[in-house]
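Geometric and topological summary
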Amino acid sequence: MNGYNVAVVGATGLVGETMMQILAQREFPVDQLHAVASERSVGKTVEFGERQVAVQALNDFDFSGVHFALFSAGAGTAIEHAPRAAARGAIVIDNSSAFRYDDDVPLVVPEVNPSALAECRARGIVANPNCSTIQLVVALKPLYDAIGIDRISVATYQAVSGAGRRAMEDLVRHTADMMAGKGRPEEPAEDGEAEPPANGGQLPAASAPSAAFNAVPHIDDFQANGYTKEEMKMVWETRKILGDEELRISATAVRVPVFFGHSEVVNVELKRKVAVEEALTLFRAARGVVVMSQDRAGGYPTPGIDASRSDAVFVGRVREDISHDQGLSFWVVADNVRKGAALNAVQIAELLIRDDASA
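Right, let's walk through the structure included here. (Residues numbered from 1 in each chain as written. Predicted model: local features only at pLDDT ≥ 70, side-chain atom pairs only at ≥ 80, totals over all residues. Heavy atoms only, no water.)

Here the focus is the side chain of Ser329. Of note, Ser329 is situated in strand β13 (residues 327-334). The class of Ser329 is buried, set by a relative accessible area of 10%. Looking at Ser329, its side chain comes within polar contact range of the side chain of Asn267, at 2.9 Å. Ignoring any residue separated from it by four or fewer positions in sequence, one finds Ser329 in contact with Val266, Asn267, Arg317, Val318, Arg319 and Asp321. (Helix = DSSP H or I, 4+ residues; strand = E, 2+ residues; numbered from the N terminus. Buried < 20%, exposed > 50% of the residue type's maximum accessible area, 1.4 Å probe, protein only. Polar contact = N/O pair within 3.5 Å; in protein donor to acceptor, adjacent residues only side chain to side chain. Contact = heavy atoms within 4.5 Å.)

Written as structure tokens, this is what we have:
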């Protein structure tokens, strides 16, 4: 086959736009590209490489002849339209949380569990994990395979782009107001934006404080166990991706005033003691990982300078845990919109093409 027909659903959102950029940048073999969004976006055009593509309405869009449907339009939209696309023969790669926990839908990070894609033919749907989970498991994979992990404790510092374009606009407005002496904004973060959040469904809580000059330990709804749903997503998804339902994981998710790039402080208890140099060797050999770990100013990655607009997962501040004989601590950053959503979806499609070619 010379090319594939690709539909990007949610084409006018942050992730949808980035998906089309990546498809063009990586020279994905596209024959026809369909930009699909809600009725209110009909009449707009979006960029695909050097071309302008007219937006089509999702409700009347016929998925017949589409090989890959990349969805980034929220869980409700995915539940309604992804099965319809799959029934027409498309392979759906969905960025929302709609299908992540279904036993017959693979949850895939290409650097970590590509073999899980063999299960996608059952329903024609592949789930993209949460952005925080993606960068976490890419970093954990070399340690998990070579040494084994007993327990994971992770704290995330998440960019506002994870909550969508409106949240980024709010951060700009609230920051400008505070710098102008207008005081801290009293209004809650908006949760009625037209596009879905970039990380697949985690809208800001209605009463969450502004992230401007702030750090807010509240992303998504609180659960009965005191954790938020965002934190539990990392638990559920990491276990499914690594195929280890007994893995002990605790997460704390915090929103910070950064536009792009999630950061994580990760502490792992391993099956045996590991020296820093051994850990660094494992990280350096891992697919998708870039190591920046020197004990000096600037010898570590940051979200705004290193991760933003990059395809890599960056690992730094690697050190032995002085409180635990078999512990290791490290810092992980990645672009949440790019690697944490759009790139991962395109990589999944590339794997499926490769598998078809070798079949």
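Next up on the list: helix α1 (residues 14-25). The periodicity of an α-helix, 3.6 residues per turn, causes residues three or four positions apart to be oriented the same way. The end-to-end C-alpha distance of α1 is 16 Å, a good match for the 16 Å that 12 residues give at a rise of 1.5 Å each. What α1 keeps buried is the set Leu14, Val15, Gly16, Thr18, Met19, Met20, Ile22 and Leu23. (Expected span 1.5 Å × (residues − 1).)

A few words on the pairing of strand β2 (residues 30-37). The element β2 is extensively covered by neighbouring structure, given that six of its eight residues are classed as buried. As judged from the six bridges shared by strand β1 (residues 4-9) and β2, these two strands associate in the parallel manner. Counterpart to Asn5 in the pairing with β2 is Gln32. Handedness of the crossover joining β1 and β2 through α1 is recorded here as right-handed. As paired elements, β2 and strand β4 (residues 51-57) share three bridges and run parallel to each other. Among the inter-strand pairings, Ala37 is bridged to a residue of β4, identified as Ala57. (Pairing = 2+ DSSP bridges. Right-handed = clockwise from strand over helix to strand, strands pointing away.)

Here we come to helix α5 (residues 229-242). Taking 1.5 Å as the rise per residue, α5 with 14 residues should run 20 Å; its terminal C-alpha atoms sit 20 Å apart, in good agreement. Contacts from the buried residues of α5 go to α3 (131-146), β8 (149-158), β9 (248-255) and β10 (262-270). Looking at the residues trailing α5, positive phi occurs at Gly243, about 65°.

Structurally, the position occupied by Ile79 is in helix α2 (residues 75-87). Since its relative accessible area comes to 51%, Ile79 is described here as exposed. If we skip the residues at most four places from it in the chain, Ile79 touches Ala98 and Phe99.

Turning next to the pattern of salt bridges. Side-chain pairs of opposite charge can arise where the charged atoms are in close proximity. Inspection of the entire model under this criterion finds 19 salt bridges. Between Asp104 and Arg123 there is a salt bridge, with its nearest N and O atoms 2.9 Å apart. With a gap of 19 residues between them, Asp104 in the loop between β6 (91-94) and β7 (125-127) and Arg123 in the loop between β6 and β7 connect regions that are remote in the sequence. Asp104 gets classed as partly exposed once you look at its relative accessible area, which sits at 35%. As a salt-bridge pair, Glu269 and Arg151 come within 3.7 Å of each other at their nearest N and O atoms. A residue pair is termed long-range when its members are at least 10 positions apart, and Glu269 in strand β10 and Arg151 in strand β8 qualify at 118 residues. With a relative accessible area of 28%, Arg151 lands in the partly exposed category. When salt bridges with common partners are traced through the structure, they connect Arg26, Asp311, Arg338 and Glu350 into a single cluster. (Salt bridge = Lys/Arg side-chain N within 4 Å of Asp/Glu carboxyl O.)

Attention now goes to the packing of aromatic side chains. We describe a pair of aromatic rings using the distance from one ring centre to the other and the angle between the two ring planes. Throughout the structure, instances matching the rule amount to seven aromatic pairs. With centroids separated by 6.0 Å and ring planes inclined at 80°, the aromatic side chains of Phe28 and Phe68 adopt a geometry described as edge-to-face. One end of the pair, Phe28, is in the loop between α1 and β2; the other, Phe68, is in strand β5 (residues 68-71), with 40 residues separating them in the sequence. There is no split in this pair, since Phe28 and Phe68 are both buried. Ring plane angle 20° and centroid distance 6.1 Å describe the contact between Phe63 and Phe71, whose orientation is recorded as stacked. (Phe/Tyr/Trp six-rings, centres within 6.5 Å; stacked < 30°, edge-to-face > 60°.)

With respect to the secondary-structure elements, Tyr101 resides in the loop between β6 and β7. The spacing of Tyr101 and Leu14 is 87 residues in sequence and 24 Å in space, taken between C-alpha atoms. The residues contacting Tyr101, other than those within four sequence positions of it, are Lys233, Trp236, Glu237 and Lys240.

Working definition: the strands of a sheet are paired by backbone hydrogen bonds and lie parallel or antiparallel to each other. Taken in spatial order, the six strands make up an open sheet running β9-β8-β10-β13-β12-β11, and their pairing is mixed. Since the sheet does not close on itself, it has two edges, and those belong to β9 and β11 (289-291), each with one partner. Here the strands of the sheet are splayed against their neighbours by 25° on average, with no regard to which way each runs. Pairing between β11 and strand β12 (residues 313-320): three bridges, direction parallel. Bridge pairing in β12 links Val289 to Val313. Across the sheet, α5 lies against β8, β9 and β10, angled at about 140° from β9, the strand it touches most. Here helix α6 (residues 276-285) sits on the sheet in contact with β11, β12 and β13, set at roughly 170° to β12. (Axes fitted to C-alpha atoms, helices over the stretch in contact; angles between N-to-C directions.)

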